[in-house]
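Summary of structural features
Chain by chain, the residues:
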Amino acid sequence: MIKIGENMKKTLLLASLVLASAVAHADVLNIYSTGVSANGSSDTHWTFAQGLGSGVFSAAQIVSTAGFPFNGAWSADTATSSWIAPRASYVGNLSDSAYSTYTFQTTFTIGAGDNAATALINGAWQADNIGVQVSLNGHAVAVSTLPGASGGAGYQNWTPFTISSGFQQGVNTLQFTVLNTGTDAGNTGNPTGLRVEFSGATVSPVPEPESYALMGLGLAGVLLARRRRRA
Ligand SMILES: [Ca+2]
């Protein structure tokens, strides 16, 4: 039977606790689902531009749920996320959402205390009419499916996404591009919009020097215990 002194036990316990917290602890990224403010107002976290990820971005609008395209077309908003679009209401005005791609954009920051390589974002999105691309910092994210691509309307069904690479320290730019298809009888346009709901957005902190020191102390304790065992 090998005996380890009480001090050694405490050291090992402390070291393992520090190691566990360094592995398990994750910071939450400050990123917002679409439409978390009042319907009919500008979304302070999202902007949009016509086209595939470039151009002049303007504030996206949180679409009023009064009338079309709600009540039958778009999925119903929830407290977690709402539809955003180039305009706050499509009732009586469809002329400014032509057949085109539209890119919606949000930003978030990974601070110096966090390791960008460990960031992970999970969520789901819907698009009117179909999803074209998810892009992080100018690079397309590999996704298995896009809204509206595999049966079912893109504006009534959730399509999940996971982003596990392409993050950078400092400001990150996340874009969702949709394609507005079809035209109404007058060929003047029809609603387009985006809904994104994040279910998790985390990043691991960079271990502090004190953590390394304590882990080193724990390792020294383990080695010492082994030497005693052999003795
Ligand atoms: Ca449409």
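Residues numbered from 1 in each chain as written. Predicted model: local features only at pLDDT ≥ 70, side-chain atom pairs only at ≥ 80, totals over all residues.

**Description of the overall build of the chain**
In terms of regular secondary structure, the chain is built from two helices and 11 strands. Each helix and strand of the chain, placed in order from N terminus to C terminus, yields the pattern α-β-β-β-β-β-β-β-β-β-β-β-α. Buried positions account for 30% of the 231 residues belonging to the chain. Counting contacts in the chain only where the partners sit at least 6 residues apart, residues at least 24 apart contribute 76% of the total. (Helix = DSSP H or I, 4+ residues; strand = E, 2+ residues; numbered from the N terminus. Buried ≥ 20, exposed ≤ 12 C-beta atoms within 10 Å, placed from the backbone. Contact = placed C-beta atoms within 7 Å.)

**Points about the pairing of strand 2 (residues 42–50)**
Summarising the sheet, strand 2 and strand 3 (residues 58–62) pair through three bridges and their orientation is antiparallel. Residue pairing across strands places Phe48 opposite Ser58, the latter belonging to strand 3. Pairing between strand 2 and strand 5 (residues 100–110): four bridges, direction antiparallel. Bridging from a neighbouring strand, Phe48 pairs with Phe104 of strand 5. (Pairing = 2+ DSSP bridges.)

**Notes on the nonpolar core**
Within the largest apolar cluster, 33 residues are counted, with the highest numbers of intra-cluster contacts made by Ile84, Phe104, Phe176, Val178 and Leu194. Among the elements that make up this core, the one with the highest residue count is strand 11 (residues 193–203) (five residues). Ignoring anything within four residues of it in the chain, the contact list for Phe104 reads Trp46, Phe48, Ala60, Ile84, Gln175, Phe176 and Leu194. (Core = buried A, V, L, I, M, F, W, Y, C linked by C-beta atoms within 7 Å.)

**Some points on the environment of Trp46**
With respect to the element layout, Trp46 can be found in strand 2. When the C-alpha atoms of Trp46 and Gly35 are compared, they prove to be 8.4 Å apart, with 11 residues separating the residues in sequence. Ignoring anything within four residues of it in the chain, the contact list for Trp46 reads Thr34, Ala60, Ile84, Phe104, Gln105 and Thr106.

**Considering the confidence of the model for the chain**
Overall, the prediction assigns the chain a mean pLDDT of 87, with 80% of residues at 70 or greater. Averaged pLDDT values for the elements of the chain fall to 62 in helix 1 (residues 6–24) and rise to 98 in strand 11. (pLDDT = per-residue confidence, 0-100.)

**Quick look at the pairing of strand 9 (residues 159–163)**
Residues Thr159, Phe161 and Ile163 line the buried face of strand 9, whereas the alternating positions Pro160 and Thr162 sit on a face that is not buried. As paired elements, strand 6 (residues 120–128) and strand 9 share five bridges and run antiparallel to each other. Bridging from a neighbouring strand, Ile121 pairs with Ile163 of strand 9.

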